[in-house]
Amino acid sequence: DHLASLLLNPDGEDQQALRAGRRYVPRLERAPAPSVTPPLALDPQASYLITGGLGALGLEVARWLVEHGARHLILIGRRGLPTDEATSAETCAAIEALKQQSTSVHIRATDITDRADMEALAGFIKQLDAPLRGVIHAAGVSIPTLLAQLDVDTMQAVLAAKVWGTQRLYTAIQQQPIDFVVFTSSIAATWGSKGLAHYAAANHFLDVFAAALRGSGIPAFSLAFGPLQGRGMAHMDSDSWLERSGLTAVPTSVALAALENAICSEMPPTVVASVD
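Residues numbered from 1 in each chain as written. Predicted model: local features only at pLDDT ≥ 70, side-chain atom pairs only at ≥ 80, totals over all residues. Heavy atoms only, no water.

## Description of the packing of helix H4 (residues 115–127) against helix H5 (residues 152–173)
Where H4 contacts H5, the axes come no closer than 9 Å and their chain directions differ by 25°. As summarised for this structure, H4 and H5 are arranged roughly parallel, according to the angle between their axes. Judged by the twist between their axes, the crossing of H4 over H5 is right-handed. Between H4 and H5, the contacting residues are Arg115, Met118, Ala122 and Ile125 on the first element and Arg168, Leu169, Ala172 and Ile173 on the second. Across the contact of H4 with H5, the residue classes tally to 6 nonpolar, no polar and 2 charged. (Axes fitted to C-alpha atoms, helices over the stretch in contact; angles between N-to-C directions. Helix = DSSP H or I, 4+ residues; strand = E, 2+ residues; numbered from the N terminus. Parallel < 35°, antiparallel > 145°, perpendicular 65-115°, else oblique. Left-handed = near helix turned anticlockwise from the far one by under 90°. Contact = heavy atoms within 4.5 Å. Nonpolar A, V, L, I, M, F, W, Y, C, P; charged D, E, K, R; others polar.)

Next comes the structure, spelled out in structure tokens:
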């Protein structure tokens, strides 16, 4: 009867949950500015894994991990090092800079949606002298498509890394002494975004999966990012549309501060966006 009443008498809420006879609706609350005291200190004897680790965001996170004490990194990407000459040179220079700080960097061509690839990654992690203590899951694919034009292949391409890849990643790391797992989600999963219904669904899975892991005692967090400065995920046309909607690019320093705050403060799912 309660459900029928809500369906027959809509009041503008587009997301509702009925639990033990009560109705819940989602609301955002302003989070305090990121402030961590003392700053995050990572274990130099441990390893830290970044999926999408060879992309622009992944390399920024890698530098950030090293600044906080990490000395063993595992960077994975679907194709390994980029083959484009300019991009490859830039990526190799960034990796060399990491190595100059007494950091071992393992680069692996790994498709996290592929079972065999992930089984091989799990075997590699088990053989390391430095146990895996932290994971940043930054892999993902964005293919803006209006809902009326969305087909199964496009849907699967976008869901792959965030849904099936996340589950296989968890299987690969669940025997490790993990201190944190952070999923890079999207504002599309929080309030929707033009042409990104499938991307919203994929990222909402991350938000829910992180909550489920926390419920089982694993320190997992999701951060829903708006467009980030220097990140290659957003497309030029969607960037301009977002700006007209009042969303501008978040500085990398702010994004990384929020990442540190999530790990140290164990805060709930958080939106990191510059909104006018």
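## Description of the sheet that holds strand S10 (residues 270–272)
Taken together, 7 strands build an open sheet; the order of strands is S5-S4-S3-S6-S7-S8-S10 and the sheet is parallel. Because the sheet does not close on itself, it has two edges, and the strands there are strand S5 (104–109) and S10. Strand-to-strand, the axes of this sheet are offset by a mean angle of 20°, without reference to chain direction. Pairing analysis gives 6 bridges linking strand S7 (residues 180–186) to strand S8 (residues 220–225), with the strands arranged parallel. Pairing of Ser186 across the sheet is with Phe225, part of S8. The strands that helix H9 (residues 252–265) touches are strand S6 (132–137), S7, S8 and S10; relative to S8, the one it contacts most, it runs at about 155°. (Pairing = 2+ DSSP bridges.)

## Description of the packing of aromatic side chains
Under the counting rule described, the total for this entry stands at 4 aromatic pairs. Ring centres 5.9 Å apart and planes at 80° place the aromatic pair Tyr170 and Phe209 in the edge-to-face group. Of this pair, Tyr170 sits in helix H5 while Phe209 is found in helix H7 (residues 197–215), placing the two residues 39 residues apart along the sequence. Over the face of the ring belonging to Phe124 we find Arg108, whose NZ or CZ atom lies 4.5 Å from the ring centre. (Phe/Tyr/Trp six-rings, centres within 6.5 Å; stacked < 30°, edge-to-face > 60°. Lys NZ or Arg CZ within 6 Å of the ring centre and 35° of its normal.)

## What to know about H9
Helix length check: H9 (14 residues) gives 20 Å between terminal C-alpha atoms against 20 Å at 1.5 Å per residue, within 8%. Those residues of H9 that sit buried are Ala255, Leu256, Ala258, Leu259, Glu260, Asn261, Ala262 and Ile263. On its buried face, H9 is in contact with helix H2 (56–67), S6, S7, S8 and S10. Looking one or two places after H9, you find Glu266, whose phi comes out positive at around 50°. (Expected span 1.5 Å × (residues − 1). Buried < 20%, exposed > 50% of the residue type's maximum accessible area, 1.4 Å probe, protein only.)

## Observations regarding the nonpolar core
If you look at the biggest cluster of nonpolar residues, it comprises 37 residues, and the most contacted ones within it are Val61, Leu65, Leu73 and Leu259. Breaking this core down by element, the ones donating at least two residues are strand S3 (47–51), H2, strand S4 (72–77), helix H3 (85–99), S7, S8 and H9. With 7 residues, the top contributor of residues to this core is H2. In this structure Leu65 touches Leu42, Tyr48, Ile50, Ala70 and Leu73, once residues within four positions along its chain are discounted. Phe124, Ile125, Ala161 and Ala220 belong to the second largest nonpolar core, which has 25 residues in total. (Core = buried A, V, L, I, M, F, W, Y, C linked by side-chain atoms within 4.5 Å.)

## Quick word on unusual backbone geometry
Residue Ala20 is not a glycine yet carries a positive backbone phi of 50°. Relative to the helices and strands, Ala20 resides in the loop between strand S1 (17–19) and strand S2 (22–24). Positive phi, close to 60°, is recorded for Ser102, a residue that is not glycine.

## So, the environment of Ala211
Along the chain, the position of Ala211 falls in helix H7. In the structure, Ala211 is positioned 119 residues away from Cys92 in sequence and 36 Å away in space, judged by C-alpha atoms.

## What to know about the pattern of salt bridges
According to the stated counting rule, one finds 5 salt bridges in the structure shown. Its salt-bridge partner being Glu13, residue Arg27 comes within 2.6 Å of it at the nearest N-O pair. With Arg27 in the loop between S2 and S3 and Glu13 in the loop between helix H1 (2–8) and S1, this pair connects stretches of sequence that are 14 residues apart. On the basis of relative accessibility, which here comes to 57%, the residue Arg27 falls in the exposed class. Given a relative accessible area of 26%, Glu13 falls into the partly exposed group. In this structure, Arg63 and Glu60 form a salt bridge, with 3.1 Å as the shortest nitrogen-oxygen distance. Here Glu60 and Arg63 lie together in helix H2, a separation of 3 residues that amounts to about one turn. The network of salt bridges with shared partners includes Asp43, Arg133 and Asp179. (Salt bridge = Lys/Arg side-chain N within 4 Å of Asp/Glu carboxyl O.)

## Description of the layout of surface pockets
The space that makes up the largest pocket amounts to roughly 1,300 Å³. If you trace the largest pocket, you find 34 residues lining it, with Leu28, Glu29, Pro269, Thr270 and Val271 closest to the centre. Within the residue set of the lining of the largest pocket, elements represented by two or more residues are helix H6 (188–191), H7, S8, H9, S10 and strand S11 (274–275). Tallying contributions element by element places H7 first for the lining of the largest pocket, with 4 residues. (1 Å grid on protein atoms, 1.4 Å probe; cavity = no way out; pocket = protein on both sides within 12 Å on 5 of 7 lines; lining within 4 Å. Points joined across faces, edges and corners; volume = space filled by probe spheres on them.)

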